[in-house]
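# Coordinate inspection notes
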Amino acid sequence: MAKLILEMQQSLDGYMAGPQGQTDWMVWNWGPHWSWDKSLQDFHTKLTLSASHLIISKQMAEEGFIAHWQQTAARKDEQAVFSTHISNTPKTVISTTLTYKQEIPGGWNNVSLANDLVTAVTRLKQETDGNILVYGGATLVSGLLEHGLIDELYLLVNPVAIGSGMSVFHHLRHFQLNTAQSFSSGIAVLHYH
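Since the model is a prediction, treat every value here as computed from it, not as a measurement.

Conventions used here
- Residues numbered from 1 in each chain as written.
- Predicted model: local features only at pLDDT ≥ 70, side-chain atom pairs only at ≥ 80, totals over all residues.
- Heavy atoms only, no water.
- Axes fitted to C-alpha atoms, helices over the stretch in contact; angles between N-to-C directions.
- Helix = DSSP H or I, 4+ residues; strand = E, 2+ residues; numbered from the N terminus.
- Parallel < 35°, antiparallel > 145°, perpendicular 65-115°, else oblique.
- Left-handed = near helix turned anticlockwise from the far one by under 90°.
- Contact = heavy atoms within 4.5 Å.
- Nonpolar A, V, L, I, M, F, W, Y, C, P; charged D, E, K, R; others polar.
- Phe/Tyr/Trp six-rings, centres within 6.5 Å; stacked < 30°, edge-to-face > 60°.
- Buried < 20%, exposed > 50% of the residue type's maximum accessible area, 1.4 Å probe, protein only.
- Core = buried A, V, L, I, M, F, W, Y, C linked by side-chain atoms within 4.5 Å.

Running from N to C, helix 3 (residues 65–75) and helix 4 (residues 80–88) cross one another at 135 degrees; their axes reach a closest spacing of 8 Å. The orientation of helix 3 with respect to helix 4, classified from their angle, is oblique. Both helix 3 and helix 4 take part in a crossing whose hand is left-handed. Contacts between helix 3 and helix 4 pair Phe-65, Trp-69, Gln-70, Thr-72 and Ala-73 from the former with Ala-80, Phe-82, Ser-83, Thr-84, Ile-86 and Ser-87 from the latter. Residues belonging to the contact of helix 3 with helix 4 are distributed by class as follows: six nonpolar, five polar and no charged.

Another aspect to go through is the side chain of Ser-142. Its place among the elements puts Ser-142 in helix 6 (residues 138–146). Those residues in contact with Ser-142 that sit more than four places away from it in its chain are Ser-167, Val-168 and His-170.

This brings us to the packing of aromatic side chains. Aromatic ring pairs are described here by two measures, namely the spacing of the ring centres and the angle between the planes. Considering all chains together, one arrives at 13 aromatic pairs under this definition. Ring plane angle 75 degrees and centroid distance 4.6 Å describe the contact between Trp-28 and Trp-36, whose orientation is recorded as edge-to-face. Residue Trp-36 is classed as buried on the basis of its relative accessible area of 3%. With a centroid separation of 5.7 Å and 35 degrees between ring planes, the pair formed by Phe-65 and Tyr-135 is classed as tilted. Placement of the pair is Phe-65 in helix 3 and Tyr-135 in the loop between strand 5 (131–134) and helix 6, with a sequence separation of 70 residues. We classify Phe-65 as buried; its relative accessible area is 11%. Ring pairing ties together the aromatic residues Trp-28, Trp-34, Trp-36, Phe-65, Trp-69, Phe-82 and Tyr-135, which thus form one cluster.

Turning our eyes to something else, we now look at the nonpolar core. Looking at soluble globular proteins, one finds that nonpolar side chains tend to be buried together. By size, the foremost hydrophobic cluster in this structure holds 28 residues, and its most contacted members are Trp-36, Ile-56, Phe-65, Ile-86, Leu-133, Tyr-135 and Val-189. When residues of this core are traced back to their parent elements, those giving at least two are helix 1 (38–49), strand 2 (51–57), helix 2 (58–63), helix 3, helix 4 and strand 6 (152–157). Residues in contact with Ile-86, not counting those within four places in the same chain, are Thr-48, Leu-54, Phe-65, Trp-69, Lys-91 and Tyr-135. Within the second largest apolar cluster, 26 residues are counted, among which are Ala-2, Ile-94, Ile-150 and Val-168.

Keep in mind these values describe shape, not function.
In structure tokens, the structure reads:
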């Protein structure tokens, strides 16, 4: 059975984004300049390459996640290895309102749609060889955590406190720390089961 893995940047005080979704405080804000040190880049690339399937939210699909990584892969720069893998890996968008008739940036090629979170993830875990990575957003990740569907968490803790914002942790949950590793860019990666 495949494992569902969350890789998520967060602030020191536990927020994945500011109150209006701001992410400009992140050490690497998914832009063209990769400000992470080489060892963190390698860690992220290796984790990304372990995925046989990706899960994203409706909001991320509508905001251009698919198109962004297609464009990044086309640049053939230092991010090309993992961005090409993200572009080529099958994706499932979880949404109760989105339909295939609606256009999303990057299109529906290699993208499926599921409206029941628990059913879709359970089926994907049974049918997928390799890992399944989830890339948010906050509502999707909160739902996955609430239903106990995430098997491993890689929290990339940025060296900044933002004071308030969006959190994915809304219920009491206990996790087991597997490893903790710091990187010269200031990020600490906490790996939990």
